[in-house]
Amino acid sequence: MRINRRSFLRTVGLGTAALAMPTSLTSGQTRKRKPNILIVIADDMACHDCGAYGSKEVRTPNIDRLAGEGMTFDRAFTATAMCAPTRQQLYTGIFPVRNGAYPNHSRVKTGTKSMVHHFRALGYRVGLTGKTHFGPKESFPFEKGNEAFVSANKDEPFCLIVASHHPHTPWKSGGGYDPANLTIPPYLVDNPETRRALAAYYGEITAFDEQAGHWMEVIDEAGLSENTIFIVTSEQGPQFPGGKWTCYDLGLQVAFIVRWPAKVNAGLRTKAMIQYVDVVPTLVEAAGAEPTNVDTNCPDPAGNRGFDGKSFLNALLGKTDEHNKYVYGVHTTLGIISGKPYPIRSIRSTRHKYIVNLMPDATFQNVVTEQDREGYWKTWLRDAAKDERAAELSKRYTQRPAEELYDLAKDPWELDNLASDPEYGKIKRALRKELKVWMAQQGDRGIETEMQAKTRQGRRKAKQKDRQTKNVTQPKRRR
Ligand SMILES: [Ca+2]
């Protein structure tokens with residue numbers, strides 16, 4: 001089996017060889033073996049807030065069932081805790097600064113190819129239903145995905161994204177959680193307003209779980225379960241301090257569950273550390289092609305045109321429980337509502353997280369601190385006047401040191417900064433060095449990149465500034 005598959009990979013690589021192939025080799029039996037792909041993606045959901053990842057309080061029976069039928073990734077990450085950069089790195093296999101979509105509400109560089117192009121080249125129909133939050137359209141030419149999309153034309157494999165709006169704020173779609181009965185995690189201030197917000201957020205997650213269950217039913221009823229790679233993933237962390245808009249694990253770690261009965265054994269967990277840019281390369285390999293041959297049409301500064309990510313198919317098939325040595329984080333605050341510049345970068349090994357706040361003298365501001373639509377932030381500041389813990393937790397969000405280092409095995413919520421502890425100096429320096437290597441590979445100039453964020457937002461500006469961001473030295477004026 002293995003030998004056959006390898007020779008198959010060589011034959012149907014995405015290079016010119018594939019174009020020259022006789023059509024008989026890409027049709028019939030060969031094509032039928034390609035798996036369907038369905039990715040159900042949440043919006044702003046913490047990895048831990050479902051039963052499959054240990055929550056005893058959030059009701060997610062469908063996600064938990066999927067985990068029981070497939071493989072659960074205990075170390076999966078996005079590189080940004082914001083909607084638009086997260087989706088665009090997931091769909092392109094390229095990290096945010098390189099692909100251009102690094103602030104929120106941003107677009108990839110003109111000409112960048114996405115999974116739509118890559119899977120169409122492999123004979124797939126590629127659709128999306130729900131949230132988009134990407135651009136320009138030419139880079140993401142998804143068909144309209146719906147239930148008819150699944151059942152239409154069964155000779156061709158499909159790749160479908162189901163992009164939910166749950167549990168993004170406003171938290172109003174779900175119910176069924178009593179605020180008084182919740183366990184408050186250590187990163188939140190325990191008061192009635194936070195409890196109300198958390199209950200409403202949990203209700204949204206249960207609504208998301210029902211959507212995931214619906215699509216599991218659609219696939220099961222169409223008789224397609226066996227050879228459909230069915231993925232549920234949480235997208236990025238929730239809009240609580242330390243989650244969305246940060247590089248803490250609460251923001252960057254994602255739930256990632258894959259069911260593929262034809263190839264993946266049921267009920268497995270893996271420690272292999274994966275990131276969203278790895279997902280498309282993995283699925284390309286699962287579809288029988290060689291991901292390192294794919295041209296993204298979005299070169300990095302060294303001229304490499306391939307994906308930033310690499311296939312973790314071997315981890316998915318249970319052949320290894322290792323993948324990346326490091327995963328990375330990048331946060332751009334400029335361009336968010338009321339956001340002043342506040343660039344953050346991070347690198348994470350399986351054990352440690354190193355974060356650099358490039359403008360540490362600034363006060364971190366964003367939607368939570370400026371708008372407080374969920375109505376708890378001002379209560380944290382109120383409580384901070386008389387409660388030391390509330391003071392610490394709110395200060396941790398708005399005033400940060402230049403460097404942060406966490407031992408994730410001892411401190412999973414990243415509350416105890418070890419950056420100035422000499423015992424950890426060697427670890428910190430090693431991580432800092434690797435982070436610089438990654439930033440250089442991305443063409444990431446730190447503060448300068450932050451100041452150019454608005455050139456990546458909006459169609460007209462994005463087009464003008466493509467490919468020439470290196471030459472831009474002055475920040476754009478606010479629109
Ligand atoms: Ca989101």
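Right above here is the structure, for reference.
J.: Looking at this structure, I do not really get the packing of helix α4 (residues 61-69) against helix α9 (residues 192-221). What am I missing?
T.: Packed helices, taken two at a time, are described by the angle between their axes plus the distance between the axes. Packing of α4 against α9 leaves a shortest axis separation of 7 Å and a crossing angle of 50°. One way to sum up the angle between α4 and α9 is to call them oblique. Only Phe208, Asp209, Glu210, Gly213, Met216 and Asp220 of α9 make contact with α4, whose side of the interface consists of Pro61, Asn62, Ile63, Arg65, Leu66 and Glu69. Of the residues contributing to the contact of α4 with α9, the split by class is five nonpolar, two polar and five charged.

J.: Sorry, what's going on with α4 here?
T.: Structurally, the α-helix is built with 3.6 residues per turn, so residues lying three or four positions apart point the same way. Every buried residue of α4 is listed here: Asn62, Ile63, Leu66 and Ala67. Taken end-on, α4 shows its buried residues confined to a sector of 145°, consistent with a single buried face. Lining the buried residues of α4 we find β2 (71-77), α9, β6 (228-233) and β7 (256-259).

J.: I tried to follow the nonpolar core on my own but got confused; where do I start?
T.: One broad rule of soluble globular proteins: the nonpolar side chains tend to lie buried together. If you look at the biggest cluster of nonpolar residues, it comprises 115 residues, and the most contacted ones within it are Tyr91, Phe119, Phe142 and Phe256. Examining the composition of this core, we find that 13 residues originate from one element, α9, more than from any other. Beyond its immediate sequence surroundings of up to four residues, Phe256 is in contact with Tyr53, Met71, Thr72, Phe73, Ala76, Ile231, Val232, Thr233, Ile274, Tyr276, Val279 and Phe312. With 21 residues, the next largest nonpolar core counts Val330, Ile347, Met439 and Ala453 among its residues.

J.: Hey, could you run me through the side chain of Lys34 in this one?
T.: With respect to the helices and strands, the residue Lys34 is situated in the loop between α3 (28-32) and β1 (36-41). Here Lys34 occupies a buried position and makes no salt bridge, while the nearest side chain of opposite charge, Glu156, is found at 9.6 Å. Separated by 2.6 Å, the side chain of Lys34 and the backbone oxygen of Leu122 make a polar contact. Leave out the neighbours within four places in its chain, and Lys34 touches Leu122, Tyr124, Pro157, Asn227 and Ala287.

J.: Whenever I open this one, the coordination of the calcium ion confuses me. Can you help?
T.: Note on metal geometry: ideal angles are 109.5 degrees for four donors arranged tetrahedrally and 90 or 180 degrees for six donors arranged octahedrally. At the metal site, the calcium ion is ligated by Asp43 (OD), Asp44 (OD), Cys83 (SG), Glu235 (OE), Glu235 (OE) and Gln236 (OE1), and these contacts range over 2.2 to 2.6 Å. Written as a sequence motif, the donor arrangement for the calcium ion is D-D-x38-C-x151-E-Q. Taken together, the positions of Asp43 in the loop between β1 and α4 and Glu235 in the loop between β6 and α10 (249-252) put the pair 192 residues apart, joining distant regions of the chain. Neither residue differs from the other here; Asp43 and Glu235 are each classed as buried.

J.: I would appreciate a short explanation of the state of the cysteines in the present structure.
T.: Where two cysteines share a covalent bond between their sulfur atoms, that bond is called a disulfide. What the rule picks out here adds up to zero disulfides. Residue Cys47 stays outside any disulfide, its sulfur separated by 6.6 Å from that of Cys50, the closest cysteine. Of the residues examined, Cys47 reaches a relative accessible area of 1% and is grouped as buried.

J.: How should the packing of helix α14 (residues 377-384) against helix α15 (residues 388-398) be read in this particular structure?
T.: Look at α14 against α15: their axes get within 8 Å of each other, and the N-to-C directions meet at 125°. Taken together, the axes of α14 and α15 lie oblique to each other. For the element pair α14 and α15, the recorded crossing hand is left-handed. Where α14 abuts α15, its residues Trp377, Trp380, Leu381, Asp383 and Ala384 lie against Ala390, Ala391, Leu393, Ser394, Tyr397 and Thr398.

About the criteria used
- Residues numbered from 1 in each chain as written.
- Predicted model: local features only at pLDDT ≥ 70, side-chain atom pairs only at ≥ 80, totals over all residues.
- Heavy atoms only, no water.
- Axes fitted to C-alpha atoms, helices over the stretch in contact; angles between N-to-C directions.
- Helix = DSSP H or I, 4+ residues; strand = E, 2+ residues; numbered from the N terminus.
- Parallel < 35°, antiparallel > 145°, perpendicular 65-115°, else oblique.
- Contact = heavy atoms within 4.5 Å.
- Nonpolar A, V, L, I, M, F, W, Y, C, P; charged D, E, K, R; others polar.
- Buried < 20%, exposed > 50% of the residue type's maximum accessible area, 1.4 Å probe, protein only.
- Arc of directions from axis to C-beta.
- Core = buried A, V, L, I, M, F, W, Y, C linked by side-chain atoms within 4.5 Å.
- Lys, Arg positive; Asp, Glu negative; His and termini not counted.
- Salt bridge = Lys/Arg side-chain N within 4 Å of Asp/Glu carboxyl O.
- Polar contact = N/O pair within 3.5 Å; in protein donor to acceptor, adjacent residues only side chain to side chain.
- Donors = N, O, S within 2.8 Å, 3.2 Å for Na, K, Ca; no water.
- Disulfide = S-S within 2.5 Å.
- Left-handed = near helix turned anticlockwise from the far one by under 90°.

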